[in-house]
Amino acid sequence: MDIEEQYDKIYRFCYLRVRHRETAEDITQETFLRYLEHPQYHSLDKTLQLLYTIAGNLCTDEFRKKTAVGLSETDASDDDIEDSVLSKFSLKQALGRLDSTDREIILLRYINEVPVNVIGKIYNMSRFAVNRKIKRILDELHKDLGKEELI
Amino acid sequence: MTRSEKIALNEAFGIPEPEKKRQFIAEYEQLAKKQKRKSISPLFY
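Within each chain, residues carry numbers counting from 1 in the order of the written sequence. Chain A is the first chain written and ligand 1 is the first ligand written, with later ones labelled in order. Given that this is a predicted model, residues contribute local features only at a pLDDT of at least 70 and side-chain atom pairs are listed and counted only at 80 or more, while totals for whole chains, interfaces and linings are drawn from all residues. With hydrogens and water excluded, all non-hydrogen atoms of the structure serve as input to the side-chain values.

Section: the domain arrangement of chain A
For interface size, the figure often reported is the accessible area lost on association.
Residues and elements named next belong to chain A.
Inference 1: Residue ranges labeled as domains rest on an automatic or database domain assignment. Once the domains are mapped, chain A shows domain 1 (3-71) and domain 2 (77-150).
Inference 2: Should any heavy atoms of two residues lie within 4.5 Å, those residues are considered in contact. Opposite the 11 residues of domain 1 that make contact, domain 2 presents 18 residues.
Inference 3: Summing the contributions of domain 1 and of domain 2, the shared interface buries around 1,400 Å²; its carbon and sulfur component is 63%.
Inference 4: Of all residues in domain 1, the largest losses of buried area upon contact with domain 2 belong to L16, R19 and Y52, amounting jointly to 40% of the total for that side. Buried area counts how much accessible surface, traced with a 1.4 Å probe, disappears from two parts once they are put together, with both parts' losses summed.

Given below as structure tokens:
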């Protein structure tokens, strides 16, 4: 496993969920430390599945902690954060209109280049269902942008 | 999806670069080396 490459990918995945650079980076580092406690897999697919599962669980824990603290203590509402991350350009806006899971799947598949079968395992879906979902999301984006291509 | 679409998509997500990556990777590699060196004790001597 190329740690340099995977660090960036796991960090992006975490950032998309927690929307906070430092927290995303802390979770990324914790993910790799926990990964060390597990038996090392020879297959990259299994390694990726384990990394994303650990990261996803840690993001969920973080979300629960934040919810317990109370929304009043957070810096901004989800909508504000969403606006700050996804604004200005139409592609950003189109991504912003997707639901969070769809956005995550697009990031995993096209930015992080995670294989479809691994995405299926992360979301508990068959690879056929993942392919159908990706096609639907891309159609939605194309329709939203009113173009054949995304740019 | 074309390469230019991928680049546009990456920019559209607007994810800032991580800042503590280098330092962590150096620490992680040390830890991983230590982890590899750990051998399983034999059951019988």
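Describing the packing of helix α1 (residues 3-18) of chain A against helix α2 (residues 21-37) of chain A
Helix-helix packing is characterised by the crossing angle of the two axes and by the distance between the axes.
Residues and elements named next belong to chain A.
Inference 1: In this analysis, axes come from line fits to C-alpha atoms, helices being fitted only over the stretch in contact, and the angle between any two N-to-C directions falls in the range 0 to 180 degrees. Only runs of H or I of at least four residues qualify as helices and only runs of E of at least two qualify as strands under DSSP, and these elements are numbered from the N terminus. Packing of α1 against α2 leaves a shortest axis separation of 8 Å and a crossing angle of 130°. What the angle tells us is that α1 and α2 run oblique. Crossing hand, α1 versus α2: right-handed. Contacts between α1 and α2 involve I3, Q6, Y7, I10, Y11, C14, Y15 and V18 on the former and, on the latter, R21, T23, A24, E25, I27, T28, Q29, T31 and F32.
Inference 2: Classifying every residue of the contact of α1 with α2 gives 10 nonpolar, five polar and two charged. Any angle from 65 to 115 degrees is called roughly perpendicular, while one under 35 is roughly parallel, one over 145 is roughly antiparallel, and all others are oblique. Here is the rule for handedness: rotate from the far helix to the near one, and if that takes an anticlockwise turn smaller than a right angle the crossing is left-handed, while a clockwise turn gives right-handed. Residues were grouped as follows: Ala, Val, Leu, Ile, Met, Phe, Trp, Tyr, Cys and Pro as nonpolar; Asp, Glu, Lys and Arg as charged; and all remaining residues, including Gly, as polar.

So, unusual backbone geometry
All names here are of chain A.
Inference 1: Although it is not a glycine, R19 adopts a positive phi angle of roughly 60°.
Inference 2: Topologically, R19 is positioned in the loop between α1 and α2.
Inference 3: At E113, a position not held by glycine, the phi torsion is positive, near 55°.
Inference 4: Note on placement: E113 falls in the loop between α6 (100-111) and α7 (116-122).
Inference 5: Only protein chains enter the area calculation, which uses a 1.4 Å probe; residues under 20% of their type maximum are buried, those over 50% are exposed, and those in between are partly exposed. The partly exposed category is assigned to E113, whose relative accessible area is 47%.

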